[in-house]
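So the chains spell out like this:
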Amino acid sequence: MTPTFKSCLTAASLSLVTACATAATNEVVITEIAPDALPPSVPQAIAAERDGFTIEEVLRKVRDGRTYYDVEGELADGSDLEFDILMGADGSAEIVEIQRDLDWADIPTEVRDAALIASDGELPVRSIESVQTDGSVIYELFAEGQPADPAYEVRVHAGEVETLSERWIH
């Protein structure tokens, strides 16, 4: 092998290894944990946002190098909520969205209109309203037979409605 060809082959191999090692995956590792096993910063963040919330179920999710806690529970009035909490490297807990299931009829008309266009007229079988920390609301809409991920999402922010072409980060 000539030195130049060998150098090029080595460089190409290293580039391929680096690309494979840093490529993002769609893999999500989900672990159910007991509410009393949460890091203390998680219930503290929730209490600061919604007093009187009772934690009922917790999932720890690791996705794209980020650790989230999906904390489901009930408010004092009996309504169900889910907090999605992103953990910082320092152990801090940041609420990135607050979710609740909604009936199709309770979704704003402009969101329903956008969703019907995105779905070619198919009604979703499940609808989730997800309030973000930037003031926007993401409506996650699920299709029949696809319970794991939304079939499409519609974002409302500053009065503008848009159907997202990529899944929302959280």
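This text goes with the structure placed above it.
Residues numbered from 1 in each chain as written. Predicted model: local features only at pLDDT ≥ 70, side-chain atom pairs only at ≥ 80, totals over all residues. Heavy atoms only, no water.

Brief notes about the environment of glutamate 97
- Residue placement: glutamate 97 occurs in strand 5 (residues 93-102).
- Look at glutamate 97 and you get buried, because its relative accessible area is 1%.
- When the C-alpha positions of glutamate 97 and isoleucine 138 are compared, they lie 9.3 Å apart, and in sequence the two are 41 residues distant.
- A polar side-chain atom of glutamate 97 sits 2.7 Å from a polar atom in the side chain of glutamine 132. (Helix = DSSP H or I, 4+ residues; strand = E, 2+ residues; numbered from the N terminus. Buried < 20%, exposed > 50% of the residue type's maximum accessible area, 1.4 Å probe, protein only. Polar contact = N/O pair within 3.5 Å; in protein donor to acceptor, adjacent residues only side chain to side chain.)

A closer look at the pattern of salt bridges
- Per the counting criterion, the structure on display carries 5 salt bridges.
- Here glutamate 129 and arginine 100 are joined by a salt bridge, their closest N and O atoms 2.6 Å apart. Of this pair, glutamate 129 sits in strand 6 (residues 126-132) while arginine 100 is found in strand 5, placing the two residues 29 residues apart along the sequence.
- On the basis of relative accessible area, glutamate 129 is assigned to the buried category, the value being 13%. (Salt bridge = Lys/Arg side-chain N within 4 Å of Asp/Glu carboxyl O.)

Considering unusual backbone geometry
- Of note in this structure, aspartate 64 is not a glycine but carries a positive phi near 50°.
- Mapped onto the elements, aspartate 64 comes out in the loop between strand 2 (54-63) and strand 3 (66-74).
- In this structure aspartate 64 comes out as partly exposed when scored by relative accessible area, which is 40%.
- Its identity as a non-glycine residue notwithstanding, aspartate 120 has a phi of 55°, on the positive side.
- Within the secondary structure, aspartate 120 sits in the loop between helix 3 (109-118) and strand 6.

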